[in-house]
Amino acid sequence: MKTTDIPPADDERIPALRTDRVPVVRKTAAPAGTKREGTVLNVFSHGVLIIWAIMVVLPLLWAVMTSFKTDRAIFTSPWSLPDGLHFDSWSRAWSQAHMSDYFLNTVLVVGGSLVGTLLFGSMAAYVLARFEFPGNRFLYFLFIGGMSFPIILALVPLFYVMQNMALLNTLHGLILVYIAYSLPFTVFFLTAFFRTLPTSVAEAAFIDGASHTRTFFQVMLPMARPGLISVGIFNFLGQWNQYLLPTVLNTNPENKVLSQGLVQLAVSQGYKGDWSGLFAGLVMAMLPVLAAYVVFQRQVVAGLTAGAVK
């Protein structure tokens, strides 16, 4: 009798998997020492940031709080909260101490110089970043060299130049000086920013028949908005707090800016004993700077990091 082959079962037909070819992923725990070092570093960095924030915020809050106190409350309880909001110190600083005139002059000077700095700086940076011509690198390093030149060394010749051009003790003369003082950093910052922008967009504009001027103002300049905002904030902070240049070049009492007015207010109010008015004037000078930074905080960070990744 012939025996037939018995078919194998279903589980026997499936070839056995070779476990030696299958990669086995094993979770390896981080060493205990690494975790401990990371935790210590994290706690240390956060502690330093908290201490730094306290050192910066507390004087600002104390100045704002003191501006609403009376002179008697400032000396009797300097660290306590004000018993009420006394706005008379603000009115005295605004009207009697002429802080309104100083504030208006500062807005005119800083506003005009900021517009001129961003306009001329962006135009120069665009040409240096996008066009190759003889002397390109020389002009670029010339602007960079202007950043390292101390402004105090140029005060005496700058004074005589302004005097010969009849620009001394004038607001428009101070605007021109602020523009020249801020151009090196602006060109340095925006040149690196324009180099990160895509060239295909500008080439497409040229193919469509756009001129260089139209391409710059309607295509490239809107793309460089984060960089313009960032460098504009830096220039605003530096020009708003500028004291050395207006002290030397602007001695007319009617054209004094806010930094000069604060020094004059500190001297006059110190002798009068109106310390609440002095703190009110100080807060008036700080508020625009704080407001500008709070409003444009994200744009500043975006502008600083935009050139890091293409």
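In this text, all values refer to a predicted model and were calculated from it rather than measured experimentally.

Undergrad: Describe in detail the side chain of Asn235, supporting the description with residues and values.
TA: When you line up the elements, Asn235 lands in helix α11 (residues 225–240). Setting aside residues no more than four positions away along its own chain, Asn235 makes contact with Leu114, Thr117, Ser182, Phe185 and Thr186.

Undergrad: Tell me about the nonpolar core, and please be specific about residues and values.
TA: Of all hydrophobic cores here, the largest spans 25 residues; its most connected members are Trp90, Met99, Phe236, Trp240 and Leu258. In terms of residue count, the dominant contributor to this core is helix α14 (residues 275–295) (nine residues).

Undergrad: Outline the pattern of salt bridges, supporting the account with residue identities and numerical values.
TA: This structure, assessed with the given rule, holds one salt bridge. The shortest N-O distance in the salt bridge between Arg92 and Asp88 comes to 3.6 Å. With a gap of four residues between them, Arg92 and Asp88 both fall in helix α4 (residues 88–96), about one helical turn apart. On the basis of relative accessible area, Asp88 is assigned to the partly exposed category, the value being 42%.

Undergrad: So what about the packing of aromatic side chains? Which residues, and what values?
TA: Following the criterion strictly, the structure yields 17 aromatic pairs and no others. Between Phe68 and Phe87 the ring centres are 5.3 Å apart and the planes differ by 80°, which places this aromatic pair in the edge-to-face class. Here the residue Phe68 occupies a position in the loop between α2 (32–67) and α3 (71–76), and Phe87 occupies one in the loop between α3 and α4, the gap between them amounting to 19 residues. Accessibility expressed as a relative area gives 14% for Phe68, which makes it buried. With relative accessibility at 49%, the residue Phe87 sits in the partly exposed group. On the numbers, 6.1 Å between centres and 80° between planes, the contact of Phe185 with Phe234 is edge-to-face. Here Phe185, found in helix α8 (residues 171–196), pairs with Phe234, found in helix α11; they are 49 residues apart in sequence, far enough to count as distant. Linked through ring pairs, Tyr126, Phe131, Phe194, Phe216 and Phe217 together constitute an aromatic cluster.

Undergrad: With reference to specific residues and values, describe the environment of Lys256.
TA: Of note, Lys256 is situated in the loop between α12 (244–249) and α13 (258–272). Taking C-alpha positions, Lys256 is 8.0 Å from Thr106, a pair spaced 150 residues apart along the chain. When residues no more than four places from it in sequence are discounted, the contact partners of Lys256 are Tyr102, Asn105, Asn250, Thr251 and Gln264. Engagement of the side chain of Lys256 in a polar contact is seen with the side chain of Gln264, the distance being 3.3 Å.

Undergrad: Give me the packing of α11 against α14: which residues, what numbers.
TA: Contact geometry for α11 and α14: axes closest at 11 Å, N-to-C directions at 170°. Considering the angle they form, α11 stands roughly antiparallel to α14. Between α11, through Ile233, Phe236, Leu237 and Trp240, and α14, the contact on the second element is made entirely by Ala285, Pro288, Val289 and Ala292. Along the lines of polarity and charge, the residues of the contact of α11 with α14 split into eight nonpolar, no polar and no charged.

Undergrad: Give a description of unusual backbone geometry that names residues and reports values.
TA: One non-glycine residue, Ala166, lies in the positive phi region at around 60°. In this structure Ala166 comes out as exposed when scored by relative accessible area, which is 59%. Even without being glycine, Asn169 reaches a positive phi, approximately 60°. Along the chain, Asn169 turns up in the loop between α7 (155–164) and α8. With a relative accessible area of 25%, Asn169 lands in the partly exposed category.

Undergrad: Can you break down a nonpolar patch on the surface residue by residue, with the values?
TA: A cluster of nonpolar side chains, Ile50, Ile51, Trp52, Ile54, Met55, Val56, Val57, Leu58 and Leu61, forms an exposed patch at the surface whose accessible area comes to about 910 Å². Relative to the helices and strands, Val56 is located in helix α2. Given the relative accessible area of 38%, Val56 is considered partly exposed.

Cut-offs used in this document
Residues numbered from 1 in each chain as written. Predicted model: local features only at pLDDT ≥ 70, side-chain atom pairs only at ≥ 80, totals over all residues. Heavy atoms only, no water. Helix = DSSP H or I, 4+ residues; strand = E, 2+ residues; numbered from the N terminus. Contact = heavy atoms within 4.5 Å. Core = buried A, V, L, I, M, F, W, Y, C linked by side-chain atoms within 4.5 Å. Buried < 20%, exposed > 50% of the residue type's maximum accessible area, 1.4 Å probe, protein only. Salt bridge = Lys/Arg side-chain N within 4 Å of Asp/Glu carboxyl O. Phe/Tyr/Trp six-rings, centres within 6.5 Å; stacked < 30°, edge-to-face > 60°. Polar contact = N/O pair within 3.5 Å; in protein donor to acceptor, adjacent residues only side chain to side chain. Axes fitted to C-alpha atoms, helices over the stretch in contact; angles between N-to-C directions. Parallel < 35°, antiparallel > 145°, perpendicular 65-115°, else oblique. Nonpolar A, V, L, I, M, F, W, Y, C, P; charged D, E, K, R; others polar. Patch = residues over 30% accessible without salt bridge, like charges linked within 9 Å, V, L, I, M, F, W, Y side chains within 5 Å. Areas by Shrake-Rupley, 256 points an atom, 1.4 Å probe, with all protein chains shown as cover.

That is the geometry; function is a separate question.
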